[in-house]
Amino acid sequence: MSSQVAVPSGTAASPLGLHRVIDPPGVLPQAATRLDTRAELWPDEVRVRLERVNLDAASFHQLRDAHGGDPRRLRRAVLDIVRSRGKMHNPVTGSGGMLIGTVEEVGPESPLGLRAGDRIASLVSLTLTPLVIEDDLVDWDGSSEQVPCRGYAILFGRSIATKLPEDLPVPLALAVLDVCGAPALTARVVGRYTSPTVCVLGAAGKSGSLSLAAARRAGAARTIGVVPDGREEQALARTSLADVVVRADARDPVALSDAVTKAGGPADVTVVCVDVPGCEGGAIVSTAQNGTIVFFSMATSFSAAALGAEGLAADVTMLIGNGYVPGHAEYALDLMRTEPDVRHLFQARSSTKQPRPGGSRTG
């Protein structure tokens, strides 16, 4: 751990990272349009040498579609965002992702418990993390949201990070940690009910499959997994994660509600892990009165969800999955280690390198 920290001049350090905000002044780093990315540390900061950046699924899908999947254009788009904003903050989706790397320097007042040389994953969004990419992303082929890169990032006093597990391959660990808030909150919500029916939209994706496993472990009496196409249906049906696998378009409220009802719904708990817009109404009509909907999709329109529930006279509790629950990283990694079906889906997804609905949650 370094004891000689070059403190930049100017504003006093804030554990929230306020001292790194350039524009507009007075906002939190996530809301800023530009952050200070100087490598010199304030006393409570940590600098991380990058190994990989994991773009969240909503952002990756948007960028891929906007640039026709062209790797050169994808690389340029990501670099332009990072260089102009000092962070990975997609202006269209409002989301970013997370990173893994090696701790390079630790400020003497950092409360994160990290040491130089630790290999870590950040558990905070790249939308609020000062980020510098130094290699022009030359090793990224654009086929996956996992982006090999060289550069550095800055963590604040209130940032969250975890050491990478030694028993899991790095790409697999990164994929799990990217969405670790989803299963932890799902377990918390399901545990408030007695033998509930749980429906997961985007059930064959990363956050979706982990949420199904968490729901079962937390006491769900029936699990319904909703997928968008035949490939996803076959993949999920080969596991025991869902009692019933349903193929339906989550953007079609009537079709989705009918399919969920035929599968044993409406659900007491609905978990939305589909990273495409327009799924709010379907989630509402597929959920029983006095039920709960957890939105883990960064494509969610929360105004559409609130007004849609009001217009349907739906007495449902709607939660924003904010990606953080105490112990979420350890819980998700334990599911990966102990649930073979979850690991199978993750590895199959990684091997095909095809982006699928229900992937990343971390903003």
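Everything discussed here concerns the structure shown above.
None of the values given here were measured: they were computed from a predicted structure. (Residues numbered from 1 in each chain as written. Predicted model: local features only at pLDDT ≥ 70, side-chain atom pairs only at ≥ 80, totals over all residues. Heavy atoms only, no water.)

(A) Structural context of the packing of helix 4 (residues 181-190) against helix 5 (residues 206-217). In the contact formed by helix 4 and helix 5, the axes pass within 8 Å of each other and the chain directions differ by 35 degrees. The handedness of the crossing between helix 4 and helix 5 is right-handed. Between helix 4 and helix 5, the residues in contact are Ala182, Pro183, Thr186, Ala187 and Val190 and Ser207, Leu210, Ser211, Ala214 and Ala215, respectively. Grouping the amino acids of the contact of helix 4 with helix 5 by side-chain chemistry returns seven nonpolar, three polar and no charged. (Axes fitted to C-alpha atoms, helices over the stretch in contact; angles between N-to-C directions. Helix = DSSP H or I, 4+ residues; strand = E, 2+ residues; numbered from the N terminus. Left-handed = near helix turned anticlockwise from the far one by under 90°. Contact = heavy atoms within 4.5 Å. Nonpolar A, V, L, I, M, F, W, Y, C, P; charged D, E, K, R; others polar.)

(B) Expanded view of helix 5. Between the first and last C-alpha of helix 5 there are 17 Å, a value that for twelve residues agrees with the 16 Å anticipated at 1.5 Å per step. Of the positions making up helix 5, those classed as buried are Lys206, Ser207, Gly208, Ser209, Leu210, Ser211, Leu212, Ala213, Ala214 and Ala215. (Expected span 1.5 Å × (residues − 1). Buried < 20%, exposed > 50% of the residue type's maximum accessible area, 1.4 Å probe, protein only.)

(C) Representation of the pattern of salt bridges in the model. Under the counting rule described, the total for this entry stands at 22 salt bridges. With its nearest N and O atoms 2.8 Å apart, the salt bridge here joins arginine 217 to aspartate 334. Of this pair, arginine 217 sits in helix 5 while aspartate 334 is found in helix 10 (residues 328-338), placing the two residues 117 residues apart along the sequence. With relative accessibility at 38%, the residue arginine 217 sits in the partly exposed group. Through salt bridges with shared partners, a single network forms among Arg47, Arg49, Glu104, Glu105 and Glu134. (Salt bridge = Lys/Arg side-chain N within 4 Å of Asp/Glu carboxyl O.)

(D) Representation of the state of the cysteines within the structure. Per the stated rule, a full pass over the model turns up zero disulfides. This cysteine, cysteine 149, is not joined by any disulfide, and cysteine 180 carries the nearest cysteine sulfur, 19 Å off. Cysteine cysteine 279 shares no disulfide, and the gap to the nearest cysteine sulfur, in cysteine 273, comes to 11 Å. (Disulfide = S-S within 2.5 Å.)

(E) View of the packing of aromatic side chains. Taken as a whole and assessed by the stated rule, the structure comprises one aromatic pair. On the numbers, 6.3 Å between centres and 90 degrees between planes, the contact of phenylalanine 295 with phenylalanine 302 is edge-to-face. Accessibility expressed as a relative area gives 37% for phenylalanine 302, which makes it partly exposed. (Phe/Tyr/Trp six-rings, centres within 6.5 Å; stacked < 30°, edge-to-face > 60°.)

(F) Looking closely at helix 1 (residues 57-66). When helix 1 is considered as a whole, its buried residues turn out to be Ala57, Ala58, Ser59, Phe60, His61 and Leu63. N-cap assignment for helix 1: the residue whose side-chain oxygen lies 3.1 Å from the backbone N of alanine 58 is aspartate 56. Once helix 1 finishes, glycine 68 follows within two positions and takes phi at roughly 60 degrees, a positive value. (Polar contact = N/O pair within 3.5 Å; in protein donor to acceptor, adjacent residues only side chain to side chain.)

(G) Broad picture of the nonpolar core. Within the largest apolar cluster, 50 residues are counted, with the highest numbers of intra-cluster contacts made by Leu177, Val198, Leu236 and Phe346. In terms of residues, this core owes the most to one element, helix 3 (residues 170-178), which gives seven residues. Those residues in contact with leucine 236, other than ones at most four positions away along the chain, are Ala203, Ala204, Leu212, Gly225, Val227, Leu241, Ala242, Val245 and Leu345. In this structure, Val48, Val53, Ala77 and Ala153 belong to the second largest nonpolar core, which totals 28 residues. (Core = buried A, V, L, I, M, F, W, Y, C linked by side-chain atoms within 4.5 Å.)

(H) Structural context of the sheet that holds strand 13 (residues 267-272). Strand order in this open sheet of six strands is 12-11-10-13-14-15, and the pairing throughout is parallel. The sheet is open, and its two edges are formed by strand 12 (244-247) and strand 15 (317-320), each paired on a single side. Each strand axis lies, on average, 20 degrees off the axis of its neighbour in the sheet, ignoring direction. Of the pairings in the sheet, the one linking strand 10 (residues 197-201) to strand 11 (residues 222-227) comprises five bridges and is parallel in character. Residue valine 200 lies in a different strand from strand 11, and its bridge partner there is glycine 225. Its contacts with the sheet put helix 6 (residues 230-237) on strand 11 and strand 12, and the angle it makes with strand 12 is roughly 175 degrees. Running at roughly 175 degrees to strand 15, helix 9 (residues 302-311) makes contact with strand 14 (287-295) and strand 15 of the sheet. (Pairing = 2+ DSSP bridges.)

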